[in-house]
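# A closer look at the structure
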Amino acid sequence: MPSTTSTSVLQSLSNDLTSTAEKVGASIVAIHARRRIPSSGVVWKPGVIVTASHTLQREEDITIALPNGESVKAQLRGRDPGTDIAVLQVDVQTPGVDIAGADGLRVGQLVLALGRPGSSVTAALGIISALGGEWRTWHGGRIDQFVRLDLAIYDGFSGGPLADGGGRVLGINTSALSRSAALTIPAATVTRVADQLLTTGRVSRGYIGVAGQPVRLPANLVRSLKLDQEIGLLVGSVADDGPASKAGVLLGDVIVSLDGQGVEDPGELLAALSGDRVGQQATLGVIRAGKLQEVRVIVGERPHERREPRRGRH
């Protein structure tokens, strides 16, 4: 039979988890902006709700179900598919959550993923299974820290908060940024993107209109061109009327640098095309027919998707 000590420890843990679900649940809302099951959102600060952008199937006639059961209309202030963050605003001043700092994340840490895909809160207990540094999503969004979870994913998971044992919110959860794992968008990213969406309605990113894949360059070509790298980015498509097309970039070109900085994969090119570069000239180092050329391109602004494809109910 379990000892009194072990029983008290388990009871204490159970009480802490229940308290966390109740505390954070008071700031979780149900968002009616898609068919069937509502998605979850978090009152990040009074009057401001954040959620996962991919869960919003419409941008008008959005209704929010508050924790007290009241329904109110919400205005979409902006969405960023790059980071999968959307911001809604309501007139009701519901209290915001207690946001944790980046130092509150540890591998193996017990966490609660919470949601409100209806009238009541749902919870899944698990751990943070992996942490990493800053990374880029496949849409070019900058996420301040990689946070992977090991827990069950229920309806309403995306857009809901991840909370620690003290009831502090570590970020919002999403199933759209990885095909193989549940991830959390850390609080620092949520706050940064939400503030920009509230100010401008969108997140600006640079764009030249090419897609490609890494290729290994022949050793003799590396030597003859005196390159400092063995990998380049083979251009597989060029957007019609895009900046690269207008500058003369061709299918089959191999991009090896942007403004003198080596480029070996699409992520490096995305990272270099920050929003403050829109409208500015950039110089691509391009291998064409065995020769190294410079192509000058005016960086454009990445087109903004107003509607996003469905990625499941989460």
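Because the structure is predicted, anything quoted here is derived from the model rather than measured.

## Some words on the sheet that holds strand β1 (residues 28-32)
Sheet strands pair via backbone hydrogen bonds, and the direction of the pair is either parallel or antiparallel. One closed barrel accounts for six strands, arranged β1-β2-β3-β6-β5-β4; its pairing is antiparallel. Within the sheet, the average angular offset between the axes of one strand and its neighbour, ignoring direction, is 40°. Bridging between β1 and strand β2 (residues 39-45) involves four bridges; their strand directions are antiparallel. Counted as the bridge partner of isoleucine 31 is serine 39 from β2. In this fold helix α2 (residues 187-200) packs onto β2, β3 (48-52), β5 (71-80) and β6 (85-89), with an angle of close to 55° to the strand it touches most, β6.

## A short note on the confidence of the model for the protein
Model confidence for the protein is summarised by a mean pLDDT of 90, while 95% of its residues fall at 70 or above. For residues 306-314, every residue scores under 50 in pLDDT, and the model assigns this stretch 29 contacts once sequence neighbours within four places are set aside.

## Here's the deal with the sheet that holds strand β13 (residues 169-174)
Strand order in the closed barrel made by the six strands is β7-β8-β11-β14-β13-β12, with antiparallel pairing throughout. For this sheet the average axis-to-axis angle between neighbouring strands, irrespective of direction, equals 45°. Sitting on the sheet, α2 touches β13 and β14 (182-186), and the angle it makes with β14 is about 60°.

## Overview of a nonpolar patch on the surface
A cluster of nonpolar side chains, namely Leu13, Leu110, Leu125 and Ile127, defines an oily patch on the protein surface of about 300 Å² accessible area. Tracing the chain through its elements places leucine 110 in strand β7 (residues 110-115). With a relative accessible area of 41%, leucine 110 lands in the partly exposed category.

## Some details on the side chain of serine 39
Examined against the element boundaries, serine 39 turns out to sit in strand β2. Within the structure, serine 39 has its side chain in polar contact with the side chain of threonine 55 (distance 3.4 Å).

## Re the pattern of salt bridges
Two side chains of opposite charge can pair, provided their charged atoms sit close to one another. According to the stated counting rule, one finds 14 salt bridges in the structure shown. Here aspartate 144 ties to arginine 192 by a salt bridge, and the two come within 2.7 Å at their closest N and O atoms. Taken together, the residues aspartate 144 in the loop between β10 (142-143) and β11 (146-150) and arginine 192 in helix α2 connect sequence positions 48 residues apart. Aspartate 144 gets classed as partly exposed once you look at its relative accessible area, which sits at 28%. Where arginine 202 meets glutamate 301, a salt bridge forms, and the shortest distance between an N and an O atom there is 3.5 Å. Here arginine 202, found in the loop between α2 and β15 (206-207), pairs with glutamate 301, found in strand β22 (residues 300-301); they are 99 residues apart in sequence, far enough to count as distant. Look at arginine 202 and you get partly exposed, because its relative accessible area is 40%. Because the salt bridges share partners, they merge into one network encompassing Glu134, Arg142, Asp144 and Arg192.

## A few points about unusual backbone geometry
Even without being glycine, aspartate 84 reaches a positive phi, approximately 60°. Within the chain, lysine 226 stands out as a residue other than glycine whose phi angle is a positive 55°. Here lysine 226 lies in the loop between α3 (219-224) and β17 (231-238).

## Digging into the pairing of strand β8 (residues 122-132)
Working note: regular strand, side chains alternate between the two faces of the sheet. Looking at chain direction, β7 and β8 are connected through six bridges and run antiparallel. Bridge pairing in β8 places alanine 113 opposite alanine 124. Relative to β11, β8 runs antiparallel, the two sharing five bridges. By the bridge assignment, alanine 130 is partnered in β11 with arginine 148.

## Some thoughts on the environment of arginine 302
Relative to the elements of secondary structure, arginine 302 occurs in the segment after β22. When the C-alpha positions of arginine 302 and arginine 205 are compared, they lie 5.5 Å apart, and in sequence the two are 97 residues distant. In this structure arginine 302 touches His139, Arg205, Gly206, Tyr207 and Leu270, once residues within four positions along its chain are discounted.

## Quick notes on the environment of serine 224
Looking at the element boundaries, serine 224 is found in helix α3. Measuring from C-alpha to C-alpha, the distance between serine 224 and glycine 212 comes to 24 Å, with twelve residues separating the pair along the chain.

## Re the environment of leucine 233
Mapped onto the elements, leucine 233 comes out in strand β17. Along the backbone, leucine 233 and serine 257 are 24 residues apart, and their C-alpha atoms lie at a distance of 9.1 Å. If sequence neighbours within four positions are ignored, leucine 233 has contacts with Gly212, Gln213, Pro214, Asp253, Val254, Ile255, Val263, Asp265, Pro266 and Leu269.

## Here we look at the nonpolar core
Looking at soluble globular proteins, one finds that nonpolar side chains tend to be buried together. Counting 26 residues, the largest nonpolar core has Trp44, Val50, Val87, Ile172, Ile185 and Val190 as the members making the most contacts within it. Listed by contribution, the elements that provide at least two residues to this core are β2, β3, β6, β7, β13, β14 and α2. No other element matches the six residues that α2 contributes to this core. Sequence-distant contacts of isoleucine 172, defined by excluding residues within four places in its chain, comprise Val42, Trp44, Val50, Thr51, Ala52, Gly159, Gly160, Pro161, Leu183, Thr184, Ile185 and Val190.

Parameters and conventions
- Residues numbered from 1 in each chain as written.
- Predicted model: local features only at pLDDT ≥ 70, side-chain atom pairs only at ≥ 80, totals over all residues.
- Heavy atoms only, no water.
- Pairing = 2+ DSSP bridges.
- Helix = DSSP H or I, 4+ residues; strand = E, 2+ residues; numbered from the N terminus.
- Axes fitted to C-alpha atoms, helices over the stretch in contact; angles between N-to-C directions.
- Contact = heavy atoms within 4.5 Å.
- pLDDT = per-residue confidence, 0-100.
- Patch = residues over 30% accessible without salt bridge, like charges linked within 9 Å, V, L, I, M, F, W, Y side chains within 5 Å.
- Areas by Shrake-Rupley, 256 points an atom, 1.4 Å probe, with all protein chains shown as cover.
- Salt bridge = Lys/Arg side-chain N within 4 Å of Asp/Glu carboxyl O.
- Buried < 20%, exposed > 50% of the residue type's maximum accessible area, 1.4 Å probe, protein only.
- Polar contact = N/O pair within 3.5 Å; in protein donor to acceptor, adjacent residues only side chain to side chain.
- Core = buried A, V, L, I, M, F, W, Y, C linked by side-chain atoms within 4.5 Å.

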